[in-house]
Structure formats: structure tokens, C-alpha cells
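What follows is each chain in one-letter form.
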Amino acid sequence: MTIAICPGSFDPPTNGHLDIIGRASRIFGKVIVAVLENQRKTPLFSVNERVMMLKRLMTSYQNVEVDSFQGLLVDYARLKNATVLIKGLRGMGDFEYELQMALVNRKLAPQVETLFMITNNDYSYLSSSIVKEIAAYGGDISALVPAEIRDLVLQKIRANDEKQQF
Ligand code: PNS
């Protein structure tokens, strides 16, 4: 069975992420959605919150697991016996960076293959940062994030705004 990893920050998960994970789950025996515990970024949601949101979204996907990781992605892939890394590509902006990552990861672990999945046209403009920005200014995010987590995202952004005001 081929095990694939869909890594990311997922701060928060978007419809674009869900589309890629769903498509990967139809191709591979097992998909691990892996949330990066990145000390350098200051995320809006804690790792636990992101894992909980993703678990909630993945309940109907029998072959998808949600986990978190620290350190190098290829080390985590080895630990999980995964041989494929799935990356979503929205456009050339993503490609530049992702190509470099794929080449570095191949240097570090030649047995792990990076596969790029082209985003669904409907989500080519979408990112977690865009979701946070729209929500922070009171815009409608219902077409951008799954319905199950929409209120959570709005609450968190409101709470974060209030914290910043004091
Ligand atoms: O959703 P993101 O923030 O674009 O995801 C980026 C992610 C998690 C895929 C990337 O930052 C990553 O793989 N980080 C782990 C550290 C690592 O292995 N870096 C590549 C070699 S330097």
C-alpha cells in the first residue's frame, strides 16, 4: 500500500486543501494529513486546534489520517513509511518555491517522491492567509472554508482582534 503525505500549515484548512486531500485519497492507499509544528511562524490556530479541525473534516474519509510533525518532512515521511509527498500547485508563484523544496527533499531522501497536484480552478486564488484577511475585515468566507469549521474560524479571528485591541 502506498502511503502519501499531504503536509502543510493548515492555518486554517481551506476548501482548496480539502480538494487536494480528497483527490489524493482516491489515488493512494493511505493519506496522512500532516500539520507542521513550525516554531518560526506565529499561527492563528494552535497545532491541536488545526489537527482537531482537520479530523472533523476527514471523518468520512476512511483512508485519511491526521497528524502533526516537527522537523524535516522527509524524516517524518521515513517514520511513517510514506513514499509520496503531495503538494498542491495554484500557479507559477507556488511552483518556484515548491520546485526548490522538492529538489532539496529528493537530495535528503531520494526514495521519497514529490507529486504535484494542480489545484481545482475554483480555488486557484485561495490561501489560508486570504481567508484570515477576508474574515478579519468582516467578509464572507463561506465559499472558502468548509461549512463545518466556518464559525470556528470567525470566532477565532474575532477573539484575536479583540486581544490585539487591548
Ligand atoms: O502550508 P505550507 O506552510 O505551505 O506548508 C509548508 C510545509 C509544511 C510543506 C514545509 O514548510 C515543510 O515541509 N516544512 C518542514 C521542514 C522541511 O522539511 N523543509 C524542507 C527542507 S529544508
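Just above, that's the structure.
On a predicted model such as this, the values are computed, not experimentally measured, just so you know. (Residues numbered from 1 in each chain as written. Predicted model: local features only at pLDDT ≥ 70, side-chain atom pairs only at ≥ 80, totals over all residues. Heavy atoms only, no water.)

Draft legend 1. Summary view of the pattern of salt bridges. This model, assessed by the stated rule, comprises 9 salt bridges. With its nearest N and O atoms 2.9 Å apart, the salt bridge here joins Arg23 to Asp19. Note that Arg23 and Asp19 are positioned in helix α1 (residues 15-27) at a spacing of 4 residues, about one turn of the helix. (Salt bridge = Lys/Arg side-chain N within 4 Å of Asp/Glu carboxyl O. Helix = DSSP H or I, 4+ residues; strand = E, 2+ residues; numbered from the N terminus.)

Draft legend 2. Up close: the nonpolar core. Membership of the largest hydrophobic core comes to 35 residues, with the highest contact counts inside it found for Ile21, Ile86 and Ile141. Secondary-structure elements contributing two or more residues to this core are β1 (3-8), α1, β2 (30-36), α2 (47-57), β3 (64-69), β4 (84-89), α5 (128-136) and α6 (147-165). Among residues more than four places away in sequence, those in contact with Ile21 are Cys6, Phe10, Val33, Leu54, Met58 and Val64. (Core = buried A, V, L, I, M, F, W, Y, C linked by side-chain atoms within 4.5 Å. Buried < 20%, exposed > 50% of the residue type's maximum accessible area, 1.4 Å probe, protein only. Contact = heavy atoms within 4.5 Å.)

Draft legend 3. Representation of the pairing of β2. Within β2, 5 of the 7 residues are buried, which leaves the element mostly enclosed by the surrounding structure. Looking at chain direction, β1 and β2 are connected through 6 bridges and run parallel. Pairing of Cys6 across the sheet is with Val33, part of β2. With α1 bridging β1 and the parallel β2, this β-α-β connection has right-handed handedness. In terms of strand pairing, β2 meets β3 through 6 bridges, oriented parallel. Its bridge partner being in β3, Val35 is matched across the sheet by Ser68. (Pairing = 2+ DSSP bridges. Right-handed = clockwise from strand over helix to strand, strands pointing away.)

Draft legend 4. How the structure looks around the site of the ligand. Inspection of the region around the ligand gives 13 residues, with Gly8, Ser9, Lys41, Leu72 and Leu73 positioned closest. A distance of 2.5 Å separates an oxygen atom of the ligand from a polar atom in the side chain of Ser9. Interatomic distance of 2.8 Å between a backbone N/O atom of Leu73 and an oxygen atom of the ligand. In isolation the ligand exposes 560 Å². Once the protein is present, 72% of that is buried. The pocket occupied by the ligand, as judged from atoms lying within 2 Å of grid points, is the largest pocket. If you list the elements that add at least two residues to the shell around the ligand, you get β1 and α4 (92-108). Looking at the shell around the ligand, its residues break down into 7 nonpolar, 4 polar and 2 charged. (Near = heavy atom within 4 Å. Polar contact = N/O pair within 3.5 Å; in protein donor to acceptor, adjacent residues only side chain to side chain. Areas by Shrake-Rupley, 256 points an atom, 1.4 Å probe, with all protein chains shown as cover. 1 Å grid on protein atoms, 1.4 Å probe; cavity = no way out; pocket = protein on both sides within 12 Å on 5 of 7 lines; lining within 4 Å. Sits in = over half its atoms within 2 Å of the grid points. Nonpolar A, V, L, I, M, F, W, Y, C, P; charged D, E, K, R; others polar.)

Draft legend 5. Summary view of α2. Within α2 the residues assigned to the buried category are Val47, Arg50, Val51, Met53, Leu54 and Leu57. For α2, the angular spread of the buried residues around the axis is 160°, confining them to a single face. More than 90 degrees from the buried face of α2, the exposed residues found are Asn48 and Met52. (Arc of directions from axis to C-beta.)

Draft legend 6. Just the layout of surface pockets, in detail. In this model, the largest pocket occupies a volume close to 1400 Å³. For the largest pocket, the lining is made up of 46 residues, of which Pro7, Gly8, Ser9, Lys41 and Glu98 are closest to its centre. For the lining of the largest pocket, the elements supplying multiple residues, two or more each, are β1, α1, β4, α4 and α5. Broken down by element, the lining of the largest pocket gets its largest block of residues, 8 residues, from α4. For the lining of the largest pocket, the class distribution of residues is 19 nonpolar, 17 polar and 10 charged. (Points joined across faces, edges and corners; volume = space filled by probe spheres on them.)

Draft legend 7. A look at the sheet that holds β4. Strand order in this open sheet of 5 strands is β3-β2-β1-β4-β5, and the pairing throughout is parallel. Unpaired on one side and paired on the other, β3 and β5 (113-118) mark the two borders of the sheet. Across the sheet, the mean angle separating the axes of adjacent strands is 30° when strand polarity is ignored. α1 contacts β1, β2, β3, β4 and β5 of the sheet and is inclined by roughly 125° relative to β5. The sheet contacts of α2 involve β2 and β3, and relative to β2 the element is tilted by about 155°. (Axes fitted to C-alpha atoms, helices over the stretch in contact; angles between N-to-C directions.)

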